[in-house]
Amino acid sequence: MDTHVFKPDQPAPALSVGPLGWLRANLFSGWFNTLLTLLGLYLVWQIVPPLIDWAFIEADWRGETRADCSREGACWVFVGERFGQFMYGFYPQDQRWRVDLAVLLAVVGAAPLFVAAFRHKLRYGLAFLLVYPLLAWWLLHGGFLGLIAVPTSQWGGLMLTLVIAAVGIAGALPLGILLALGRRSDLPAIKVLCVTFIEFWRGVPLITVLFMSSVMLPLFLPEGMNLDKLLRAMLMVILFEAAYIAEVVRGGLQAIPKGQYEAAQAMGLGYWRMMGLVVLPQALKLVIPGIVNTFIALFKDTSLVIIIGLFDFLNSIKRATADPAWLGMSTEGYVFAAVVYWIFCFGISRYSQRLERRLETGHRH
Amino acid sequence: MNPATPQTASGEKLMIEMIDVNKWYGQFHVLKDINLQVRRGERIVICGPSGSGKSTTIRCINRLEEHQAGKILVEGVELTRDLKQIEAIRSEVGMVFQHFNLFPHLTVLQNCTLAPMWVRKLPRREAEEVAMYYLEKVRIPEQANKYPGQLSGGQQQRVAIARALCMKPKIMLFDEPTSALDPEMVKEVLDTMIALAESGMTMLCVTHEMGFARTVANRVIFMDRGEIVEQADPETFFHHPQNERTRLFLGQILY
Amino acid sequence: MPVATSPGRRGSLLSDPQARAWIFQVVAVAAVVAFGWFLFHNTQANLQHRGITSGFGFLDNAAGFGITQHLIDYSESDSYGRVFWVGLLNTLLVSVIGIILATVLGFVLGIARLSSNWLIRQLATAYIEVFRNIPPLLQIFFWYFAVIGPLPGPRDSLSLGNLIFLNNRGVQMPAPSASEAYGPFMLALLAALVLVVLLSRWARARRLATGERFPVFWSSLALVVAIPGACVLLFGSPVNWSVPELQRFNIRGGWVVIPELVSIVMALAIYTAAFIGETVRSGIQAVSGGQTEAAASLGLRHGQVLRLVVIPQALRVIVPPLTSQYLNLTKNSSLAAAIGYPDMVSLFAGTVLNQTGQAIETMAITMSVYLAISLSISLLMNAYNARIALVER
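The model shown is predicted, which means the values in this text are computed figures rather than measured ones. (Residues numbered from 1 in each chain as written. Chains lettered and ligands numbered in written order. Predicted model: local features only at pLDDT ≥ 70, side-chain atom pairs only at ≥ 80, totals over all residues. Heavy atoms only, no water.)

All names here are of chain C. Strand order in this open sheet of 4 strands is β1-β2-β3-β8, and the pairing throughout is antiparallel. A single partner strand is all that each edge strand has here, and the edge strands are β1 (158-160) and β8 (255-257). Across the sheet, the mean angle from the axis of one strand to that of its neighbour is 20 degrees, orientation sign disregarded. For strand β2 (residues 164-167) and strand β3 (residues 170-173), the ladder comprises 3 bridges, and the chain directions are antiparallel. (Pairing = 2+ DSSP bridges. Helix = DSSP H or I, 4+ residues; strand = E, 2+ residues; numbered from the N terminus. Axes fitted to C-alpha atoms, helices over the stretch in contact; angles between N-to-C directions.)

Right, let's get into a positive patch on the surface. On the surface, a cluster of positive charge is made up of B:Lys84, B:Lys121, C:Arg301 and C:Arg307. Relative to the assigned elements, B:Lys84 resides in helix α2 (residues 83-92). Owing to a relative accessible area of 60%, B:Lys84 belongs among the exposed residues under this scheme. (Patch = residues over 30% accessible without salt bridge, like charges linked within 9 Å, V, L, I, M, F, W, Y side chains within 5 Å. Areas by Shrake-Rupley, 256 points an atom, 1.4 Å probe, with all protein chains shown as cover. Salt bridge = Lys/Arg side-chain N within 4 Å of Asp/Glu carboxyl O. Lys, Arg positive; Asp, Glu negative; His and termini not counted. Charge placed at Lys NZ, Arg CZ, Asp CG, Glu CD. Buried < 20%, exposed > 50% of the residue type's maximum accessible area, 1.4 Å probe, protein only.)

Contact residues are listed per partner, giving 54 residues for chain C and 55 residues for chain A. Of the roughly 4900 Å² buried at the junction of chain C and chain A (both faces included), carbon and sulfur atoms supply 73%. The tally of links between chain C and chain A comes to 1 salt bridge. For A:Arg350, the salt bridge goes to C:Glu129, with nearest N and O atoms at 3.8 Å. Inspection of the region where chain C meets chain A yields 17 residue pairs in polar contact (both at pLDDT 80 or more). (Contact = heavy atoms within 4.5 Å. Buried area = accessible area lost by both parts, 1.4 Å probe. Polar contact = N/O pair within 3.5 Å; in protein donor to acceptor, adjacent residues only side chain to side chain.)

Our next topic: the packing of helix α7 (residues 188-203) of chain A against helix α1 (residues 17-50) of chain C. The interhelical angle for the contact between α7(A) and α1(C), taken along N-to-C directions, is 35 degrees, at an axis separation of 8 Å. Across from A:Pro188, A:Ala189, A:Ile190 and A:Leu193 in α7(A), the residues of α1(C) making contact are C:Phe24, C:Gln25, C:Ala28, C:Val29 and C:Val32. Of the residues that constitute the contact of α7(A) with α1(C), the class distribution is 8 nonpolar, 1 polar and no charged. (Nonpolar A, V, L, I, M, F, W, Y, C, P; charged D, E, K, R; others polar.)

So, on to a nonpolar patch on the surface. Residue and element names in this part refer to chain A. On the surface, Leu 43, Ile 47, Val 48, Leu 51, Ile 52, Phe 56, Ile 57 and Trp 61 cluster together into a nonpolar patch covering about 790 Å² of accessible area. Locating Val 48 in the fold gives a position in helix α2 (residues 31-57). With relative accessibility at 37%, the residue Val 48 sits in the partly exposed group.

The next subject is the interface of chain B and chain A. Facing the 19 residues of chain B at the interface are 16 residues of chain A. Of the roughly 1500 Å² buried between chain B and chain A, counting both surfaces, carbon and sulfur atoms make up 53%. Remark: the boundary between chain B and chain A carries 2 salt bridges. We note a salt bridge from B:Lys32 to A:Asp9, for which the minimum N-O separation is 2.6 Å. Taken together, the connections running from chain B to chain A amount to 6 residue pairs in polar contact (both at pLDDT 80 or more). Among the secondary structure elements, those contributing two or more residues to the side of chain B that touches chain A are β2 (28-39), β10 (227-232) and α9 (244-254) of chain B. The residue makeup of the side of chain B that touches chain A, split by class, is 4 nonpolar, 6 polar and 9 charged.

So, about the side chain of C:Arg132. Among the structural elements, C:Arg132 can be located in the loop between α3 (118-131) and α4 (136-148). At a separation of 3.2 Å, a polar atom in the side chain of C:Arg132 contacts the side chain of C:Glu129. Apart from the residues lying within four places of it in its own chain, the contact partners of C:Arg132 are A:Lys300, C:Tyr271, C:Ala274, C:Phe275 and C:Glu278.

This brings us to the sheet that holds β2(B). Residue and element names in this part refer to chain B. A sheet is described by the order of its strands in space; here 4 strands give the open sequence β2-β1-β4-β5, paired in antiparallel fashion. A strand with exactly one partner marks an edge of an open sheet, and here the two such strands are β2 and β5 (77-78). Across 8 bridges, strand β1 (residues 14-25) lies against β2 in antiparallel orientation. In the strand pairing of β2, Leu 14 is matched with Arg 39.

On to helix α3 (residues 108-118) of chain B. For α3(B), the buried fraction is high: 10 of the 11 residues fall into the buried class. Within the span of α3(B), buried status applies to B:Val108, B:Leu109, B:Asn111, B:Cys112, B:Thr113, B:Leu114, B:Ala115, B:Pro116, B:Met117 and B:Trp118. Buried residues in α3(B) make contact with α4 (124-137) and α5 (153-165) of chain B together with α5 (182-210) and α9 (302-332) of chain C.

Further remarks concern the nonpolar core. The nonpolar side chains of a soluble globular protein tend to be buried with one another. If you look at the biggest cluster of nonpolar residues, it comprises 257 residues, and the most contacted ones within it are A:Phe313, B:Met172 and B:Leu204. Looking at which element gives the most residues to this core, the answer is helix α10 (residues 229-255) of chain A, with 13 residues. Residue contacts for B:Met172: discarding those within four places in its chain leaves B:Gly94, B:Val96, B:Ile161, B:Ala164, B:Leu165, B:Leu196, B:Met201, B:Thr202, B:Met203 and B:Leu204. Ranked by size, the runner-up nonpolar core spans 9 residues in total, among them C:Ala112, C:Ile120, C:Tyr127 and C:Ile128. (Core = buried A, V, L, I, M, F, W, Y, C linked by side-chain atoms within 4.5 Å.)

All names here are of chain A. Here the domain parsing of chain A yields domain 1 (21-60) and domain 2 (76-91 + 150-359). Domain 1 and domain 2 are separated by 38 Å when their C-alpha centres are compared. Looking at the side of domain 1 facing domain 2, the largest losses of area belong to Trp 54, Ala 55 and Asp 60, adding up to 93% of the total buried there. For the pair domain 1 and domain 2, the number of links is 0 salt bridges. Our count for the contact surface shared by domain 1 and domain 2 stands at 2 residue pairs in polar contact (both at pLDDT 80 or more). Residue classes in the side of domain 1 that touches domain 2 are distributed as 3 nonpolar, no polar and 1 charged. (Domains from an automatic or database assignment.)

Below, the structure is given as structure tokens:
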């Protein structure tokens, strides 16, 4: 009986691994690839150094007026001077701590939901969702319990953008889920109503919806009754995004095998308990990425409220760039705005990807 | 050296010759000094534990994988980076995959006529005649106008065999053709392969079907950790394995 | 709302699932109808109060305002109805140009994302991650206020070979107009195209019958170049170019592309291309590696593998989300209103509404247009999906 003696592993040839191998495989694997690499390098060379030059090296950071911006690059003085307005709009300066506190409370309050080890996420989350809006309303709007009232017409900047986005998603998610259930319902009348509702909102641009809220809503309401401008915008955003959420959730409902419904019915669960305890938890888990994408879209869409004259983040920047004292600051203003929006959207999408991966591994076991 | 290494009869052309072939995935050494000679009409079964480099070996032969050291010759032509040459060799070497890889957007007949029409430049009529001939050989001519998605796994794999045969290849490579099948469908595919073997086709087959190896193979090769550990005719291989590793492996898979 | 009833409550109407379903539906429909009536009633009262008469009669009234860009003849004395068509065409113009640019750029990005070249892959990823995470309206503002706004005035235009001029009034470029040779040229072009169709049919038939190849692409190209080319040699150029000329204070002649159009097309094309790039990438990735391997192992050339196996399968995955991106772009073209590009929304739901006060009618018309576009494209897509769905057991 022979015993086979295995040969020891040999290192791979230098040209196929290591930095050299990597370069050869990824950048110079043929004349065409080499050409692409050179083209790419040229592009990077054309874009990156001038950008860094403009944004950092040649930029002005210190000063108070336009005259302090004497160098070639960006004038960040402008952003610094108007920072308060970009963040809070016309919120009274001595009251801005209330906004800060509300944001801080949101972050601290929501933090346990992101800690994997925390056990009572659902109960805590629901409690948070019930308590926080009241608290936020008291802090932001006030007018009772010792805080002076700050009417919504003074709200603005990034704060307003965040308020619209937060209220939008908080309202659109439950409504969207109900609509999705309605669309999948066996009751024909309910189904028709939901389908019509969803297809209507998905078929028109948000801008026309906002237009409608400012020109038609006053006609729809009883005489003398007037809705706050911000409230109207938020209502429209909720209805609009709910239709998109509904379609995402419907996708998840369709992916749940029939056996799950049958098993739930066999256990004697009624419709709402079957949905709430068995089907929806699974379906929502499946469509988290879709919901997050809708939320990112909603966040970007909040910028459209400019159309009806609300002073959200983008509008406050647009107004600031039109200020005669700061003419020619459009590039700085919009680049700053782009960076802020980008950080939010990219951050959310990265988080959802991580969540997705975690849920995926959870699924396999 | 292993005494079972077949001697090349002088003057006989080798269909496949692998000389000191080495391959790495990154730093992982998957194939170590593989030497293999395949003569015309030979039927070789390659077996071994998973991850031993069996599939990689046969995938190197039609260059679905590139080796980094050593030489591979198919019908005396060395495999290089020359694309034209690779395409020419691929059209002479048929391959059947574990997961069938039929083209789902084409009917069974179109799956079979695609390459003959585009590579061999056959007229459609002729390509369809060839296709029907081989579909009959694998005993599913009646499915010709269905789509792959409408067939069972066993039927799909038989179509895949017919599709490869339509190119009239000189060598057929089988990469675990029955591993993805339900047990009751394994036999229909093996029967097709046995019939093919009887027609004198040169075959290289990665499989764990030892019954097939016994009845059909001229030579059984056992691979482990990227090396050819033992090769012998089936009689010797199954009843008097020379090597401890081989015996261990056979013990695991036969009982 | 129905409650999950306990099985104990027998005899009650509510415990009979069928009756419950009926009651629930009737209640829901009644609520919707009541809500609708409430809105209708309020609207009636409000309109009466404000002295607005409803109806579409206003469409025939003279508009009395000018429009900076109109694809059909338009003057101030034209009716509101004509304003509608001007706006609709301007919307469609943005959409069509945007869709073409976004598709080209998006496919390049999608393929670049799958390139074997690391640098190209990273660049494409960076592009996609940057542009899809910035609101389109912000991108429009950026182009309009930060790029085109600061450009020099017409006098100091940036020029490309004195043919194309770039300034803060937009882009001026040479405009073609038909010359006497236009007719013959178009005839020659038509003839060439007909020949190309016939040739490719013949070549296909011959390939199927005998297996022989004919260089269809190159001979078609030769036909399309040669026949109209000969026509140009014989009769002269088919078009006269009106080249913009730099004068003392402005530029005369040529086509003027207004800055609003440039901004919105650039922004929407760049924004949508990022999404199309992801669609294309995932479509191609959805075709398993096994398909490519199987096709290659049959001896098909790389180009044939792509054309015969990968692309037909990838398109099935790509087309539905691609059309929804097209729809998004069309709907996003309404952002034009924010910078005053005379599209459907800003003209009709904006100016016309303000002038006439016919809020309900103008909004209804505007929204119906978008709804009609969306619904008809969805219907087309459903039909397409049903047709191309892979046949399964």
